[in-house]
Amino acid sequence: MNEERHGNIANTMLADVPDFLKHLPTYRGYPVPYFVPKDENGIYQLKYASAEKMNSCLAYHKCCVCFKPLTKNDYWFISGPMGLQSQTDSHPPMHQCCAEYSLKICPHLFFEKTHRTTDEENAQPFQITQKPKEFFLVKAKSISVINYGGSKIIKYSSHKVVNEYEYVDGKLERRHIR
C-alpha cells in the first residue's frame, strides 16, 4: 500500500484502490489524481489543479487522473449543467474507468458540502464558482483546446451523456436516465 504520513498519524485507505490507479500516490486514504499539485512543504493540495500538469495531459494526450495514454475518440468528462450546455471543461479528458471512480471516491464530487476553493474575486473569467447540484458523465469523440485568458479550456463534441448524478442526502447518487 502506497501511503504517506501527515503529521504523526498514518493514513488508512478509505477505499480499495483499483489496479488501474495503484501507481498513483495516496494521501489521507485517497489516490491522488495526476493533476493535483503539492505545496512548498510537499503536501498535496487536493482542491487545486496544476496548470503545468493539465498542460502535460493535453500535450501528451494523457488522462488527467492517471496520466496514462488516452484512446483517440474515447474522451470522458465529468460536467456540470453549464459545462454540458457549452460543451466545455476546464480539465483535460479522462478514461471512463477514471471518471467513474472519481465520481464514487473524490470527496469534492461525492459530498455535497465540500466547497470549491475559488471564490468570485479570484476566479478566472470562465470559472464557475458555485458547485452544481448535478453532474453528468459525458463521452465525447472529439476535443479541441481553446486558449482563453492564459488558461486552456477543452471543447468537446460528438458527445453523449452516459450517466446523470445528483445529490441525495448530501451524497452523489446516479440517476436513472429517462
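Quick notes on the rules
Note that residues are indexed from 1 along each chain, following the sequence as it is written. Since the coordinates come from a predicted model, pLDDT governs what is reported: local features require at least 70, and pairs of side-chain atoms require 80 or more to be given and counted, while whole-chain, interface and lining totals use all residues. Note that water and hydrogens are dropped before the side-chain values are worked out from all heavy atoms of the structure. The pairing test for Phe, Tyr and Trp rings, Trp by its six-membered ring, is centres within 6.5 Å, and the orientation test on the planes gives stacked under 30 degrees, edge-to-face over 60, and tilted for anything in between. Helix and strand definitions follow DSSP, with helices as H or I runs of at least four residues and strands as E runs of at least two, each counted in order from the N terminus. Burial here depends on accessible area, computed with a 1.4 Å probe over protein chains only, as a share of the maximum for the residue type. Under 20% is buried, over 50% is exposed, and the range in between is partly exposed. The working definition used for a salt bridge is a side-chain nitrogen of Lys or Arg within 4 Å of a carboxyl oxygen of Asp or Glu.

For the rest of this paragraph, the subject is the packing of aromatic side chains. Applying the stated criterion across every chain, the model contains six aromatic pairs. Their ring planes at 15° and their centres at 4.0 Å tell us that Tyr34 and Phe67 sit as a pair that is stacked. Taken together, the positions of Tyr34 in the loop between β4 (30–31) and α1 (51–60) and Phe67 in the loop between α1 and β5 (75–79) put the pair 33 residues apart, joining distant regions of the chain. In this structure Phe67 comes out as partly exposed when scored by relative accessible area, which is 22%. Look at Phe135 and Tyr167: their rings are 6.2 Å apart centre to centre, the planes differ by 80°, and that puts the pair in the edge-to-face class. Separated by 32 residues along the polypeptide, Phe135 in strand β7 (residues 134–148) and Tyr167 in strand β8 (residues 151–168) bring together distant segments of the chain.

A full pass over the atoms with the stated rule returns six salt bridges. A salt bridge links Asp74 to Lys139, with the nearest nitrogen and oxygen atoms 3.8 Å apart. Of this pair, Asp74 sits in the loop between α1 and β5 while Lys139 sits in strand β7, and the two are 65 residues apart along the sequence. Look at Asp74 and you get partly exposed, because its relative accessible area is 27%. A salt bridge links Glu166 to Arg175, with the shortest nitrogen-to-oxygen separation between them at 3.4 Å.

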